[in-house]
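# Working through the structure, step by step
What follows is each chain in one-letter form.
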Amino acid sequence: MAISKWKTGLLAGLSVLALAAQANAGEVRVTVAEYSAKTGPYFQEVEKAFEAANPGVDVKFEVVPWDVLLQKLTTDITAGTNADLSIIGTRWLIDFVQQGVAEPLDGYITPDFKGRFIDTFLSPSIMDGKTYGLPIAASARAMYYNKELLEKAGVANPPATWAELKDAAAKIKALGGENYGFGLQGKEIETDVYYYYAMWSQGSEILDKDGTSGLDSPGAIEAAKLYKSLIDEGLTQPGVTSYAREDVQNLFKQGKVGMMITAPFLSNQIKEEAPKLKYGVAAIPAGPTGARGTYGVTDSIVMFSNSKNKDEAWKLLDFLFQTDWRAKFTQGEGFLPVNKEEAKMDYYVNNADLAAFTALLPDARFAPIIPGWEEVAQITSDAIQKVYLGEGDPEALLKEAAAKADGILKK
Amino acid sequence: MHNRALPYLLTLPSLILAAVVIFWPVVDLIQIATHDVSRFGQLRDFSGLDNFAALVADPDFIKALLRTGVWTAAVVGGALLVSIPVAVILNTDFYGRSLARVIVMLPWAVSLTMTAIVWRWALNGESGMLNSALRGLGLADHNIQWLASAATAFPMQIMIGILVTVPFTTTIFLGGLSSIPDDLYEAAALEGAGPVQQFRRITFPLLKPFVNIAIVLNTIYVFNSFPIIWVMTQGGPANSTDILVTHLYKLAFRIGKLGEASAVSLVMLAILLVFTAIYIRLAMRGERA
């Protein structure tokens with residue numbers, strides 16, 4: 001009796017498992033990154049609306065914290081239990097494409113559909129002429145400045161060049177007290193990016209035209225010397241290598257920093273945490289030739305090659321990239337619009353902060369699409385931290401880093 | 001015959017469990033470490049010891065290896081030096097002893113990650129509590145950037161490591177002290193032995209087995225301890241506070257070199273096995289003598 005009970009239970013359990021493992025016809029599973037507390041509710045709404053419009057299709061969203069997304073995808077793909085669609089960082093896309101995990105979407109994309117996107121944001125997801133992903137989130141960087149501090153220091157306009165920035169920082173330093181001219185990030189994620197802002201303005205690129213590292217170019221060395229001189233002359237906050245992006249943003253919110261470079265979401269944070277702060281957003285300073293660059297980031301939604309319901313999955317993508325649904329998502333998360341129609345909405349046109357970001361887009365650089373990019377970024381961060389710490393001559397340190405990076409790029 | 005097989009049969013279930021929980025992952029690790037592995041964990045060609053050779057050729061790995069030695073020795077040694085007097089004091093009878101015991105044990109109740117996050121705030125150069133305390137007391141006239149370079153960050157991390165290791169170590173020693181009969185001390189006192197002599201001749205020798213246990217267990221914990229260093233500096237700046245675990249994490253999850261990361265974890269396992277084996281041998285020989 002007891003044994004037969006066990007058996008029934010076991011069989012019932014097994015059948016449940018079997019049911020769960022078999023993808024139902026018309027089921028679309030989507031892994032999405034949790035950008036904020038608003039992400040989950042947004043996708044729940046999408047699910048309801050889409051299922052109402054497409055009876056017979058069952059959509060399931062799995063919301064995963066950003067930090068563990070790559071780990072989850074790695075294990076899911078290894079085990080063959082991945083979803084039909086997933087959000088990924090576009091800089092990971094090359095790995096997915098090279099391993100044959102991502103499905104090209106060109107068979108589904110009509111010229112009309114393609115026309116919905118702003119080209120700048122779609123192009124990073126195109127590889128070898130094939131579109132492997134659609135940009136679901138986009139962001140860029142610009143310079144925030146503290147209006148009150150600049151005014152007190154006698155600086156009328158936000159600095160437009162690095163020379164002006166250095167000058168303004170010196171004036172802020174002269175005010176005395178715990179005021180720092182330029183907030184310089186020197187720790188954790190995007191430490192390398194913070195250095196690229198100066199490097200791009202000196203006319204150098206992450207990769208030279210021949211595909212080798214640009215870290216040993218004259219512009220790159222000049223940029224490192226510029227930051228080092230800011231540190232040495234006390235024009236940044238002290239101890240830059242202990243400041244991650246959030247730490248510098250906190251200093252800015254406390255009104256202690258004159259200028260810093262970061263993403264649009266700082267505006268949302270200031271609104272909530274430091275509503276009295278008088279700040280503005282301006283372009284990233286230019287170099288002597290007028291060159292400047294900002295960092296563009298997109299996340300893409302990709303379709304997996306082993307998906308069994310590609311047509312239904314595509315329908316969902318088509319649904320997600322309608323202007324209204326895009327606007328709701330972008331505004332909730334504090335990103336930049338990726339749809340042309342969306343970008344024309346009043347919300348974006350009349351928003352001075354966002355306008356500064358979108359104005360910089362023609363100068364936007366995206367993380368280069370190369371295997372091993374994360375390692376090259378790590379090498380760059382390490383080298384630039386050594387420069388900030390004064391552990392050697394900037395030129396020698398950068399040349400050494402460039403040689404290391406070239407070793408990876410050659411593979 | 002039947003009787004001789006019985007003990008083995010009885011230990012078999014736990015042996016199987018141990019095999020599944022311990023040996024299987026190790027076998028898996030060996031497989032990954034000896035193959036060329038894709039970013040998604042798919043094994044490609046057998047590569048022999050290539051992954052290990054890549055580690056040895058990497059100066060960051062060698063530095064992390066040496067630093068792990070310093071880290072482990074300093075934290076385990078420091079915790080030992082602090083814990084023995086603390087345990088001896090807590091073992092004596094005084095007013096408010098239970099309260100003191102609770103306070104000493106408290107850091108144990110807080111998760112390691114949380115402790116590290118709080119310290120990261122406390123060591124912040126501009127708004128950190130430690131700097132404002134030092135300046136308030138007149139001990140420093142300017143803010144110290146604790147986490148900006150390894151010269152200050154690493155000693156601080158070691159100090160925090162000691163702080164969180166003390167409760168566990170003290171607990172072991174308190175157990176040891178309560179096993180020492182009081183009449184030994186009474187007899188010694190009658191013979192005219194002072195407190196220092198009592199400690200050297202009675203307490204310390206009888207506590208020795210517990211010290212050995214504390215050393216072995218703490219070495220294993222501290223050697224593998226990830227949160228303190230990761231939360232405070234992520235092994236930076238420029239890898240100057242990396243220990244093997246943080247180095248491994250970066251290799252695996254930042255850069256996607258699963259093969260080399262597996263090799264690091266095998267090296268760590270080997271070091272711990274060798275250390276434990278040698279230490280237990282030495283300690284047991286000492287006890288027999």
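Residues numbered from 1 in each chain as written. Chains lettered and ligands numbered in written order. Predicted model: local features only at pLDDT ≥ 70, side-chain atom pairs only at ≥ 80, totals over all residues. Heavy atoms only, no water.

Here the focus is the packing of helix α10 (residues 218–232) of chain A against helix α18 (residues 373–389) of chain A. Residues and elements named next belong to chain A. Contact geometry of α10 with α18 gives a least axis separation of 9 Å together with a crossing angle of 40 degrees. It follows from the interaxial angle that α10 and α18 lie oblique. Seen from above, α10 lies across α18 with right-handed handedness. Within the contact between the two elements, α10 uses A224, Y227, K228 and I231 and α18 uses I384, V387 and Y388. Counted by class, the contact of α10 with α18 contains six nonpolar, no polar and one charged residues. (Axes fitted to C-alpha atoms, helices over the stretch in contact; angles between N-to-C directions. Helix = DSSP H or I, 4+ residues; strand = E, 2+ residues; numbered from the N terminus. Parallel < 35°, antiparallel > 145°, perpendicular 65-115°, else oblique. Left-handed = near helix turned anticlockwise from the far one by under 90°. Contact = heavy atoms within 4.5 Å. Nonpolar A, V, L, I, M, F, W, Y, C, P; charged D, E, K, R; others polar.)

What describes a pair of aromatic rings is the distance from one ring centre to the other and the angle between the planes of the rings. All names here are of chain A. The full count for this structure, using the stated rule, is 41 aromatic pairs over all chains. Judged by centre distance (5.2 Å) and plane angle (70 degrees), the rings of F50 and F319 are edge-to-face. Taken as a pair, F50 in helix α2 (residues 39–53) and F319 in helix α13 (residues 310–320) lie far apart in primary sequence, 269 residues in all. Both residues of the pair, F50 and F319, count as buried. An aromatic cluster is built from Y35, Y42, F43, F50, F61, W66, W92, F319, W325, F329 and F335, whose rings are joined through pairwise contacts. (Phe/Tyr/Trp six-rings, centres within 6.5 Å; stacked < 30°, edge-to-face > 60°. Buried < 20%, exposed > 50% of the residue type's maximum accessible area, 1.4 Å probe, protein only.)

Residue and element names in this part refer to chain A. F182, Y195, Y197 and Y227 are the most contacted members of the largest nonpolar core, which has 85 residues in total. The two domains that each donate at least three residues to this core are domain 1 (3–139 + 297–365) and domain 2 (142–295 + 370–409). Counting residues in hydrophobic clusters, the runner-up holds 51 residues, among them V32, L73, L85 and M303. (Core = buried A, V, L, I, M, F, W, Y, C linked by side-chain atoms within 4.5 Å. Domains from an automatic or database assignment.)

What follows deals with the environment of I301 of chain A. All names here are of chain A. Of note, I301 is situated in strand β11 (residues 294–303). Classification of I301 as buried rests on a relative accessible area of 1%. Considered as a pair, I301 and G239 are 62 residues apart in the sequence and their alpha carbons are 39 Å apart. With near-sequence residues (within four places) excluded, I301 lies in contact with V30, L85, S86, I87, Y132, G133, L134, I136, L317, L320 and F321.

Moving on, we come to the UniProt feature "domain: ABC transmembrane type-1" (unreviewed entry) in chain B. The sites that UniProt annotates as "domain: ABC transmembrane type-1" (unreviewed entry) are residues 65–279 of chain B. What you have in residues 65–279 of chain B is 77% helix and 0% strand, and the ends, taken at the C-alpha atoms, are 19 Å apart. (UniProt positions renumbered as here; feature names shortened; annotations may be inferred.)

Between chain B and chain A, the contact holds 30 residues from the first and 30 residues from the second. Contact with chain A buries surface across chain B, with R39, F40 and E126 of chain B losing the most and accounting together for 31% of the total. The interface formed by chain B and chain A holds four salt bridges in total. R120 of chain B is the partner of E188 of chain A in a salt bridge, and the nearest nitrogen-oxygen pair spans 3.0 Å. Across the chain B-chain A interface, the total number found is nine residue pairs in polar contact (both at pLDDT 80 or more). Only α10 (227–233) and α11 (244–254) of chain B provide two or more residues apiece to the side of chain B that touches chain A. The dominant element in the side of chain B that touches chain A, judged by the number of residues it contributes, is α11 of chain B, at four residues. A breakdown of the residues in the side of chain B that touches chain A according to their chemical character gives 10 nonpolar, 12 polar and eight charged. (Buried area = accessible area lost by both parts, 1.4 Å probe. Salt bridge = Lys/Arg side-chain N within 4 Å of Asp/Glu carboxyl O. Polar contact = N/O pair within 3.5 Å; in protein donor to acceptor, adjacent residues only side chain to side chain.)

So, about the pattern of salt bridges. Residues and elements named next belong to chain A. Taken as a whole and judged by the stated rule, the model has 27 salt bridges over all chains. Among the ionic pairs, E374 bridges to R91, the shortest N-O distance being 3.1 Å. Linking E374 in helix α18 with R91 in the loop between β3 (85–89) and α4 (93–98), this pair joins segments that are 283 residues apart in sequence. According to the relative accessible area criterion, R91 is partly exposed, its value standing at 26%. A single network of salt bridges, built from pairs that share partners, joins R29, E62, K72 and D76.

A few words on the confidence of the model for chain B. Residue and element names in this part refer to chain B. On average, residues of chain B score 90 in pLDDT, and 98% of them reach the 70 mark or higher. For chain B, per-element mean pLDDT is lowest for strand β2 (residues 43–46), which scores 86, and highest for helix α3 (residues 59–91), which scores 95. Across the predicted assembly, pTM comes out at 0.86 and ipTM at 0.86. (pLDDT = per-residue confidence, 0-100.)

Our next topic: the pairing of strand β1 (residues 27–34) of chain A. Residue and element names in this part refer to chain A. With respect to burial, β1 is a largely interior element, six of its eight residues being buried. As defined by bridge partners, β1 adjoins strand β2 (residues 58–65) across eight bridges and the pair is classed as parallel. By the bridge assignment for β2, V30 is matched with F61. Summarising the sheet, β1 and β3 pair through two bridges and their orientation is parallel. Opposite V30, over in β3, you have L85 as the bridge partner. (Pairing = 2+ DSSP bridges.)

Turning to the environment of L177 of chain B, a few remarks are in order. Residue and element names in this part refer to chain B. With respect to the helices, strands and loops of the structure, L177 is situated in helix α7 (residues 150–178). Separated by 90 residues in the primary sequence, L177 and A87 have C-alpha atoms spaced 7.9 Å apart. When residues no more than four places from it in sequence are discounted, the contact partners of L177 are A87, V88, N91, T203 and L207.

Next up on the list: the domain arrangement of chain A. Residues and elements named next belong to chain A. The domains assigned to chain A are domain 1 (3–139 + 297–365) and domain 2 (142–295 + 370–409). One C-alpha centre belongs to domain 1, the other to domain 2; they are set 32 Å apart. Listed per partner, the contact involves 16 residues of domain 1 and 23 residues of domain 2. Taken together, both faces of the contact between domain 1 and domain 2 bury some 1700 Å²; the carbon and sulfur share is 60%. Summed over the shared surface of domain 1 and domain 2, the number is two salt bridges. Only α4, α17 (352–360) and β12 (364–366) provide two or more residues apiece to the side of domain 1 that touches domain 2. The element contributing the most residues to the side of domain 1 that touches domain 2 is α17, with five residues.

Let us look at the UniProt feature "transmembrane region" (unreviewed entry) in chain B. All names here are of chain B. Residues annotated by UniProt as "transmembrane region" (unreviewed entry) correspond here to residues 7–27, 69–90, 102–123, 143–166, 210–232 and 261–280. Its end C-alpha atoms 27 Å apart, residues 7–27 is made of 100% helix and 0% strand. Split by type, residues 69–90 is 100% helix and 0% strand. Its first and last C-alpha atoms lie 31 Å apart.

A cis geometry characterises the amide bond from G236 of chain B onward to P237 of chain B, with omega recorded as -10 degrees. Inspection of the secondary structure assignment puts P237 of chain B in the loop between α10 and α11. The phi angle at E188 of chain A is positive, at roughly 60 degrees, despite the residue not being glycine. Summarising the element assignment, E188 of chain A is placed in the loop between β8 (180–182) and α9 (191–201). Of note, Q234 of chain B is a non-glycine position whose phi angle comes to about 50 degrees, a positive value. Counting through the fold element by element, Q234 of chain B comes out in the loop between α10 and α11.

The subject of this paragraph is the sheet that holds strand β10 (residues 279–282) of chain A. All names here are of chain A. Taken together, the four strands give an open sheet; going across it, the order is β8-β9-β7-β10, and neighbouring strands pair in mixed fashion. The open sheet has two edge strands, β8 and β10, and neither has a second partner. Going across the sheet, the axis of each strand differs from the next one's by a mean of 25 degrees, ignoring polarity. Across four bridges, the pairing between strand β7 (residues 142–146) and strand β9 (residues 257–262) is antiparallel. What sits directly across from A142, in β9, is T262. Sheet strands in contact with helix α11 (residues 245–253) are β7, β9 and β10, and its direction is about 140 degrees off that of β9. Contacts from helix α12 (residues 265–273) reach β7, β9 and β10 within the one sheet, and its direction differs from that of β7 by about 30 degrees.

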